[in-house]
Amino acid sequence: METVYVICVGVLTFCGVFLCLRGRTFSVVVGLTMLSYAVNLFLFSSGRLSLDGAAILGMAESYADPLPQALTLTAIVIGFAMIAFVVILAIRARADLGNDYVDGTDPPDADKLVKPNGDKV
Amino acid sequence: MTVHLPILPILIPMLGGLLMLLPPFAGAKRYLHRRVAALVLMLAQLACSIILMQMVVENGAIMYAVGDWQPPYGIILYADKLSVMLVALGSLLGLGITLYSFGGSDREGKYFHPLVQFQLLGIYGAFLTNDLFNLFVFFEVLLIASYTLLIHGGGKHKTAANVHYVILNLIGSSLFLFALGTLYGVTGTLNIADMALRIPELSQSQALIAQAGGSLMLIVFGLKSAMLPLHFWLPQTYAAASAPVAALFAIMTKVGVYCIFRVYTVVFGEQAGELADMIVPWVWPLAIATVVFGTIGALASPNLRTLAGNLVIVSVGTLLIAFALRTPEASAAAFLYLIHSTLVTAALFLIADMIAQQRGRAIDYFVVARKIKQQALLGVLFIVVAMAAAGLPPFSGFLGKLVILQSATDSDHRIWVWSVILIPSLFTIIALSRAGTTLFWRNTPSHDAAESAGVSRWQIGGAVLLLMASPTLALFGAHVIEYTNAAAAQLHDIQYLLEVMNLDGDSK
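In this text the structure is predicted, and so the values were computed from the model without any measurement.

Parameters at a glance
Residues numbered from 1 in each chain as written. Chains lettered and ligands numbered in written order. Predicted model: local features only at pLDDT ≥ 70, side-chain atom pairs only at ≥ 80, totals over all residues. Helix = DSSP H or I, 4+ residues; strand = E, 2+ residues; numbered from the N terminus. Rg over C-alpha atoms; globule rule 2.2 N^0.38 Å. Buried ≥ 20, exposed ≤ 12 C-beta atoms within 10 Å, placed from the backbone. Contact = placed C-beta atoms within 7 Å. pLDDT = per-residue confidence, 0-100. Nonpolar A, V, L, I, M, F, W, Y, C, P; charged D, E, K, R; others polar. Core = buried A, V, L, I, M, F, W, Y, C linked by C-beta atoms within 7 Å.

*Asks:* Give me the overall build of chain A: which residues, what numbers.
*Replies:* The secondary structure content of chain A amounts to 3 helices and 0 strands. What you see in chain A, going N to C, is helices and strands ordered as α-α-α. Its C-alpha atoms give chain A a radius of gyration of 20 Å, clearly above 14 Å, the size a compact globule of 121 residues would have. Based on the C-alpha atoms only, the size of chain A along its principal axes is roughly 65 × 30 × 20 Å. Evaluated residue by residue, chain A yields a buried proportion of 26% over its 121 residues. By sequence separation, contacts in chain A at least 24 residues apart represent 47% of the contacts at least 6 residues apart.

Shown next, in the form of structure tokens:
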């Protein structure tokens, strides 16, 4: 279980970091989302992974650490709000700046880019 | 009632900010109601923080357990001399910028005053909390308020700057959570005092993991405080923000510096066994580089607000140098310099905005433009703020730098500290005097300045309130130094913290 968990967190973090380094706001937003998923999983595991552990006293033989669960819940809520904000901001930036690059300017080789319908920009 | 005093600086802006969203205050036309409410709230916060400060001075540090869950389990607020001093500083700054915004910048959007209150809520919370996860939550509160404040009023520059600022800080928040998870995984606690107890007892392999967590946290605090190489966002962001917002942001970098002082003195301080002072070898060169690059940036700035932003970086570097000396005396000097630099850079942003209002399309760029209308008034304000920022006597910048220089007693450090503080000071003077001569003396001969409106009294009032702090600090220097010395001694005395928290090193 630990190995699968570690690989999941690692791959998510890798994808998140990679996408955050991209030039367009859409991929950066997706990257931030992935990073926050990775963080949530990571926080959850900080109380050690256990099967069939109850979080409430007196309910079972074995117990799971309830604190990371609370932390993860808080982190999910905050992360969700932040992602919502950054999505709106990205749309606003697209409208204000006229393109969806993080820098706000077209890259120097923008004329080589191809539009989705196949025309040159 | 007095038992609950430590949580009042958090509750007042929270409830006040929420109330300002409700009908008697909401709406574009009811801005006068909002102004009165904002003024009352700011005065209440200032009064509350001063009473809290008095209590802390008389009775020692106060531990407040939210919901009465005792440490190490509950969420703990901890008001010691350092944190109440910073809360008072924040409320004074908030009052100054609220007054300034009455001049008209609060009407650019409907939610200026509520957002300022939420921002202050996050700032006070970050200063008062003694729980790392709670610190994260308050960071997010102050960040989301700052995201919206930065874009307040709208405009292309603000949007572009905001995109960078938001993305960087979201990545920073993710790193913060990774660091928290790592530290919780090895120590099993999030209470700063409790963590200080457990760090020295870690086995060698656990200590390595804790070191990774602690170093990740330095990246987060470095990003918040604009430590090199994480400072690139700052000049652009501060130059894009509207003046009162930029002035309020002057304390945000100091939140990062405060967290570095708190976490790396208490948790990874000299008592932390293998991990004692683990980040100091990193902070030394970075702090020096921060000062140097901030100074170069100040010399290269094309306008006054970017110059002010670069001076913020210089002040952060100076504070980090004082941190790297790791003595209570140096910390005390840093706290004095922190009060000074926060208020003076905030005043500089406000004065830059007033100058920009009267120069037409040239705004605050260093180019030949028409004459400023209220040249005498703004000129006097500018020279006072420039002298204070550059560290010339008789203002507080001189005093702040002097005590930092004096605190560097070790001869190896002394060469570095003295040269890194004094030489950039000279260049700051050059940059500021060049700015002043261009802004005030190089005018186009043909135009007279009659057409631009004078600055409002609220704006002058707000800027003067912040600016007056500088001579006041210098005048009552002995008392302030006495206070910061006591605050630094309290910060470095981990045993005292554990006693206040009722945590005992042996009973585990």
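*Asks:* Which residues make up the confidence of the model for chain B, and what values go with them?
*Replies:* Looking at chain B, pLDDT values average 88 and 98% of them are 70 or higher. Here the predicted complex carries an ipTM of 0.89, next to a pTM of 0.92.

*Asks:* With reference to specific residues and values, describe the confidence of the model for chain A.
*Replies:* Chain-level statistics for chain A give a pLDDT mean of 86 and a share of 90% at 70 or above. Mean pLDDT in chain A bottoms out at helix 3 (residues 66–97) of chain A, which sits at 91, and peaks at helix 1 (residues 2–20) of chain A, which reaches 94.

*Asks:* Can you tell me about the interface of chain A and chain B, naming the residues and giving the values?
*Replies:* Contacts between chain A and chain B engage 26 residues on the former and 21 residues on the latter. Counting residues per element, the ones that place at least two in the side of chain A that touches chain B are helix 2 (25–45) and helix 3 of chain A. Looking at the side of chain A that touches chain B, the element that brings in the most residues is helix 3 of chain A, giving 14 residues. Residues of the side of chain A that touches chain B, tallied by class, amount to 19 nonpolar, 5 polar and 2 charged.

*Asks:* Provide a residue-level description of the nonpolar core, including the pertinent values.
*Replies:* Looking at soluble globular proteins, one finds that nonpolar side chains tend to be buried together. Residues and elements named next belong to chain B. Leu320, Ala347, Leu350, Ile351 and Val385 are the most contacted members of the largest nonpolar core, which has 218 residues in total. With 20 residues, the top contributor of residues to this core is helix 14 (residues 328–357). Among residues more than four places away in sequence, those in contact with alanine 347 are Val385, Ala463, Leu466 and Leu467.

*Asks:* Before we move on, can you summarise unusual backbone geometry with the specific residues and values?
*Replies:* All names here are of chain B. Of the consecutive residues proline 71 and proline 72, the connecting peptide bond is found in the cis state with omega at 5°. Position of proline 72 relative to the elements: it lies in the loop between strand 1 (62–65) and strand 2 (76–79). In this model, proline 393 is joined to proline 394 through a cis peptide bond whose omega is 10°. Topologically, proline 394 is positioned in the loop between helix 15 (375–390) and helix 16 (396–407). A positive phi angle is found at alanine 226, which is not glycine, with a value near 60°. Secondary-structure assignment places alanine 226 in the loop between helix 8 (204–225) and helix 9 (233–240). The buried category is assigned to alanine 226, around which 26 C-beta atoms lie within 10 Å.

*Asks:* Describe the environment of glycine 109 of chain B, listing the residues and the values that go with them.
*Replies:* All names here are of chain B. As for its position among the elements, glycine 109 is in the loop between helix 3 (81–101) and helix 4 (112–128). Note: C-alpha distance between glycine 109 and histidine 152 (43 residues apart in sequence) is 6.4 Å. Excluding anything up to four places from it in sequence, glycine 109 contacts His152 and Gly153.

*Asks:* So, the environment of lysine 156 of chain B: which residues are in play, and what are the values?
*Replies:* Looking at the secondary structure, you find lysine 156 of chain B in helix 6 (residues 156–187). By C-beta crowding, lysine 156 of chain B is classed as partly exposed, having 13 other C-beta atoms within 10 Å. Sequence spacing of lysine 156 of chain B and lysine 81 of chain B is 75 residues, and the spatial spacing of their C-alpha atoms is 42 Å. Filtering out sequence-adjacent residues up to four positions away, lysine 156 of chain B remains in contact with Asp96 and Leu97 of chain A.

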